[in-house]
Amino acid sequence: MSDNINRQVLVKKLPNGIPAEDDFEMGGSPIPDPVEGTFRARTLVLSLDPYIRAVMSGRHFYGAPQPGDVMRGRSVARVDASRHPQYREGDVVVMESGMQDYVISNGGDVHRADTGTAPVSTALGVLGMPGLTAYAALLGPAQIKEGETVVVSAASGAVGSMVGQIAKIKGCRAIGIVGSDDKSAWTETEAGFDACLNRKTDDLHARLTELASDGADIFFDNTGGEIQGLVMTKHLALNSRVILSGLITQYNLAESPPGPNLGNLCKMRTTVFGFVVYDFEHMRARFLTDAKRWYAEGKIKFKEDMTEGLETAPAQFSKLMHGNNFGKTLVKVAD
Ligand SMILES: NC(=O)c1ccc[n+]([C@@H]2O[C@H](COP(=O)([O-])OP(=O)(O)OC[C@H]3O[C@@H](n4cnc5c(N)ncnc54)[C@H](OP(=O)(O)O)[C@@H]3O)[C@@H](O)[C@H]2O)c1
């Protein structure tokens, strides 16, 4: 395609089950120019997130896309032409850009990327929406307290790795659950969790009984499914809190599976909190102050699963929804 084309990842057909690369196709349109009150931004790094699958099923408040639509997606982008009073050429922002090279914005739902000494891509991961999810849920509804035991699923991802690292910073024990030995090794040695179990090879019930004999004070559930059933029925402490963060085991299913038996929640006086990060925007400034300082002090490690080139986005998204990503799933689109 020629240089003045805005390359775009389009929906070809709505996926049935796990999204495949050929549910998408590359398209393009002329690079748009900003009108008064808007700016144009160039996508630098594109974020691929599990919620995009919920969007494609029409289960997200964004509404379902139609074939031919540009795929949704947030990115770090650089303003490259502006007729907006608050944004200048060169500003680096985080925004809902869609999966494309260029986007026009009126400044709504845009904020400046602010990652301190950390790479700017972390504005989409540990210092972005996923990091805020971990921080706001633990310090907000979960009311994390020193000395507690925190169990988190999908522990090597952007959300899960921050849950464990914040738990450690707050003087707690962090136990992760992941899907491979590589992830487990990174989560223990780099991210500093006390232990990390492999959901595919470990006997989770036996290992959790041994590692958290009094149960989890906080269970941060990123997956739902069998892990949720096991922890909620057998591994909760008295007065425990459960954060329902994500149900990735269900995102590719047409129908919701039956839930866990809830009797144990009553017995253990557990509080279950359905958490949505968009309700915690008021904690973003405090989160960034803390998280940038923790990063500078070497207390926050992160793992990125980044490919290069907008055209790699469909395969990266499919990999994420297979659970085969290792770290925050990103696509580098431009320098
Ligand atoms: N509530 C909120 O406001 C909010 C905000 C952001 C994200 N979330 C949720 O937080 C969770 C983690 O998000 P993230 O961005 O940090 O992603 P991520 O952890 O980097 O990637 C998703 C991970 O889920 C795990 N997984 C477990 N079962 C799976 C299955 N059946 N299919 C596919 N993957 C499976 C895989 O890890 P393992 O193989 O290691 O298990 C996979 O790597 C997601 O559920 C997401 O929806 C919630």
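Novice: When you look at the site of the ligand in this model, what are you seeing that I'm missing?
Specialist: Residues in close proximity to the ligand total 28 residues, the closest being Arg199, Asn222, Phe275, Val277 and Asn325. Between the ligand and Gly179 there is a distance of 2.8 Å, counted from an oxygen atom to a backbone nitrogen or oxygen. Between Tyr251 and the ligand, the recorded distance is 2.8 Å, taken from a side-chain N or O atom to an oxygen atom. Here the ligand, which alone exposes 910 Å², has 90% of that area covered by the protein. Secondary-structure elements contributing two or more residues to the shell around the ligand are helix H2 (129-139), helix H3 (158-169) and helix H9 (313-321). Across the shell around the ligand, the residue classes break down as 14 nonpolar, 12 polar and two charged.

Novice: Please explain the environment of Thr38 as it appears in this structure.
Specialist: Tracing the chain through its elements places Thr38 in the loop between strand S2 (24-30) and strand S3 (39-47). With relative accessibility at 10%, the residue Thr38 sits in the buried group. Distance from Thr38 to Tyr87, taken between C-alpha atoms, is 8.7 Å for residues 49 residues apart in sequence. For Thr38, the contacting residues outside a window of four places in its chain are Ser82, Arg83, His84, Ile104, Ser105 and Asn106. A polar contact is formed between the side chain of Thr38 and the backbone oxygen of Val35, at a distance of 2.7 Å.

Novice: Explain the state of the cysteines to me, please; I cannot follow it from the model alone.
Specialist: Disulfides are covalent bonds that connect the sulfur atoms of two cysteines. With the rule as written, the count across this model stands at zero disulfides. Cys196 forms no disulfide, and the closest cysteine sulfur to it belongs to Cys172, at a distance of 17 Å.

Novice: Would you take a moment to explain the pattern of salt bridges for this structure?
Specialist: Side chains that differ in charge, positive against negative, can pair when their charged atoms come close. Applying the stated criterion across every chain yields a total of 24 salt bridges. For Lys328, the salt bridge goes to Asp49, with nearest N and O atoms at 2.9 Å. Here Asp49 lies in the loop between S3 and helix H1 (51-56) and Lys328 lies in strand S15 (residues 328-332), a separation of 279 residues in the sequence. The same class applies to Lys328 and to Asp49, which are both buried. Linked by salt bridges that have partners in common, Arg7, Arg42, Asp101 and Glu311 make up one network.

Novice: Help me understand the domain arrangement of the protein chain in this model?
Specialist: As a measure of interface size, the accessible area lost when the parts come together is often cited. Each assigned domain of the protein chain is listed with its residue range as follows: domain 1 (5-125 + 303-332) and domain 2 (129-296). Summed over both sides, the interface between domain 1 and domain 2 buries roughly 1900 Å², with carbon and sulfur atoms accounting for 57% of that surface. The largest contributions to the domain 1 side of the interface with domain 2 come from Arg59, Asp114 and Phe326, which together make up 26% of the buried area. Our enumeration of links across domain 1 and domain 2 arrives at one salt bridge. The tally of links from domain 1 across to domain 2 stands at eight residue pairs in polar contact (both at pLDDT 80 or more). A class-by-class count of the residues in the side of domain 1 that touches domain 2 yields 11 nonpolar, 11 polar and six charged.

Novice: Looking at this structure, how should I read the nonpolar core?
Specialist: The tendency in soluble globular proteins is for nonpolar side chains to be buried as a group. Leu138, Ile144, Met162, Val163, Ile166 and Phe220 are the most contacted members of the largest nonpolar core, which has 40 residues in total. Of all the secondary-structure elements, those providing two or more residues to this core are H2, strand S8 (149-153), H3, strand S9 (173-178), strand S11 (216-221) and helix H8 (284-296). Among the elements that take part in this core, H2 stands out by supplying seven residues, more than any other. With residues up to four places along the chain from it excluded, the contact list for Leu138 reads Gln143, Ile144, Val163, Ile166, Ala167, Ile218 and Phe220.

Criteria and cut-off values
Numbers given for residues are sequential positions, taken from 1 along each chain in its written order. Only residues with pLDDT of at least 70 are given local features in this predicted model, and only at 80 or more are side-chain atom pairs given and counted; all residues enter the totals for whole chains, interfaces and linings. Where side-chain values are given, they derive from all heavy atoms of the structure, hydrogens and water being excluded. Any residue with at least one heavy atom within 4 Å of a molecule or strand is counted as near it. We define a polar contact as two N or O atoms separated by no more than 3.5 Å, with the added condition that, inside protein, one atom must be a possible hydrogen donor and the other a possible acceptor, whereas residues neighbouring each other in sequence contribute only through side-chain atom pairs. Surface exposure here means Shrake-Rupley accessible area, sampled with a 1.4 Å probe, where a residue is shielded only by the protein chains that are shown. Secondary structure elements follow DSSP: runs of H or I no shorter than four residues count as helices, runs of E no shorter than two count as strands, and numbering proceeds from the N terminus. Three classes are used: nonpolar for Ala, Val, Leu, Ile, Met, Phe, Trp, Tyr, Cys and Pro, charged for Asp, Glu, Lys and Arg, and polar for all others, with Gly counted as polar. The buried label applies to any residue whose accessible area, calculated with a 1.4 Å probe on protein chains only, is under 20% of its type's maximum; exposed applies above 50%, and partly exposed to all values in between. Throughout, a residue-residue contact means that at least one pair of heavy atoms, one from each residue, lies within 4.5 Å. Whenever a pair of cysteine sulfur atoms sits within 2.5 Å, that pair is classed as a disulfide. Throughout this description, the term salt bridge denotes a Lys or Arg side-chain nitrogen within 4 Å of a carboxyl oxygen of Asp or Glu. Domain extents, as shown, originate in an automatic or database domain assignment. Buried area is understood as the total, over both parts, of accessible area removed when two parts are fitted together, assessed with a 1.4 Å probe. To qualify as a nonpolar core, a set must consist of buried Ala, Val, Leu, Ile, Met, Phe, Trp, Tyr and Cys residues joined through side-chain atoms within 4.5 Å.

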